[in-house]
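Here is how the chains run, residue by residue.
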Amino acid sequence: MAIYIEIEKVKDVNDSVEYKFGLLNDNYGVLTINKTSGEVIMLEPMESDKKKNHFARAAHKVKQHWKEGKLPNKTCWAS
């Protein structure tokens, strides 16, 4: 089964960036990443993400970008 998770920047403030993440519909969750530490926290879960698998994938992708030194406006997880 293929998975495609859209990840889009919502807010960029002094020490963190918020992203919405979700499938190709209007069911989105929100996560934030600390620009200094790279810690990722879920602010709002996706309704359909009971096991938090989509959050984990989105968080991994955002953290990967953080390690590369850039937090893009849009990215995705595809597998």
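In what follows, the structure referred to is the one given above.
From a predicted model like this one, the values you see are computed outputs, not experimental measurements. (Residues numbered from 1 in each chain as written. Predicted model: local features only at pLDDT ≥ 70, side-chain atom pairs only at ≥ 80, totals over all residues. Heavy atoms only, no water.)

### A few points about the overall build of the chain
Rule in force here: Per the convention used, a helix needs a DSSP run of H or I reaching at least four residues, while a strand needs a run of E reaching at least two, with both numbered from the N terminus. C-alpha atoms define the radius of gyration, and 2.2 Å times the number of residues to the power 0.38 defines the globule rule. Burial classes follow relative accessibility: with a 1.4 Å probe on protein chains only, a residue under 20% of its type's maximum area counts as buried, one over 50% as exposed, and anything between as partly exposed. Contacts were defined at the residue level, with two residues in contact if any of their heavy atoms lie within 4.5 Å. Accessible surface is estimated by sampling points in the Shrake-Rupley manner with a 1.4 Å probe; for residues, cover comes only from the protein chains shown. Counting rule applied: Lys, Arg positive; Asp, Glu negative; His and chain ends not counted. Every charge is mapped to an atom, namely NZ of Lys, CZ of Arg, CG of Asp or CD of Glu.
Along the backbone of the chain there are one helix and five strands. Over its C-alpha trace the chain gives a radius of gyration of 12 Å, about what one expects of a compact globule, namely 12 Å for 79 residues. In terms of principal-axis extent, the alpha carbons of the chain reach across some 35 × 20 × 20 Å. Put simply, the chain has 79 residues, and 33% of those count as buried. A fraction of 37% describes how many contacts in the chain between residues 6 or more apart in sequence connect residues 24 or more apart. Summed over its atoms, the accessible surface of the chain is roughly 5,100 Å², and 49% of this surface lies on carbon and sulfur atoms. Each charge class in the chain was averaged separately, 13 positive and 11 negative side chains, and the resulting centres sit 5 Å apart.

### Some words on the nonpolar core
How we decide: Here, nonpolar core means buried Ala, Val, Leu, Ile, Met, Phe, Trp, Tyr and Cys residues that are tied together by side-chain atoms lying within 4.5 Å of each other.
Counting residues in hydrophobic clusters, the biggest one holds 14 residues, and the most contacted among them are Ile 7, Tyr 19, Phe 21, Leu 31 and Val 62. Only strand E1 (4-12), strand E2 (16-22), strand E3 (28-34) and helix H1 (53-67) provide two or more residues apiece to this core. In contact with Tyr 19, other than residues within four places in its own chain, are Ile 7, Glu 8, Lys 9, Val 10, Gly 29, Val 30, Leu 31, Ile 33, Val 62, Leu 71, Pro 72 and Asn 73.

### Focus: the packing of aromatic side chains
Convention followed: Aromatic contacts are taken between Phe, Tyr and Trp rings whose centres are within 6.5 Å, Trp giving its six-membered ring; a plane angle under 30 degrees counts as stacked, one over 60 as edge-to-face, and the others as tilted. Working rule: Lys NZ or Arg CZ, within 6 Å of ring centre, within 35 degrees of ring normal, means a charge sits over the ring.
Summed over all chains, the structure comprises one aromatic pair. The interplanar angle of 55 degrees and the centroid separation of 6.1 Å between the aromatic rings of Phe 21 and Phe 55 together place this pair among those described as tilted. With Phe 21 in strand E2 and Phe 55 in helix H1, this residue pair connects regions lying 34 residues apart in the sequence. Judged by relative accessible area, Phe 21 falls into the buried class, the value being 0%. Relative accessible area serves as the criterion here: at 15%, Phe 55 is assigned to the buried category. Of note, Lys 20 hangs over the ring of Tyr 28, and the distance from its end group to the ring centre comes to 4.7 Å.

### Here we look at the pairing of E2
As a reminder of what qualifies: When DSSP locates at least two bridges between a pair of strands, those strands are taken to pair.
When you tally the buried positions in E2, you get six out of seven residues, the bulk of the element. Pairing of E1 with E2, which is carried by six bridges, proceeds in the antiparallel orientation. Note that in E2 the partner of Asp 12 across the bridge is Val 17. Remark: three residues form the turn of the hairpin made by E1 and E2, two consecutive strands paired antiparallel. What sits between E2 and E3 in their antiparallel hairpin is a turn of five residues.

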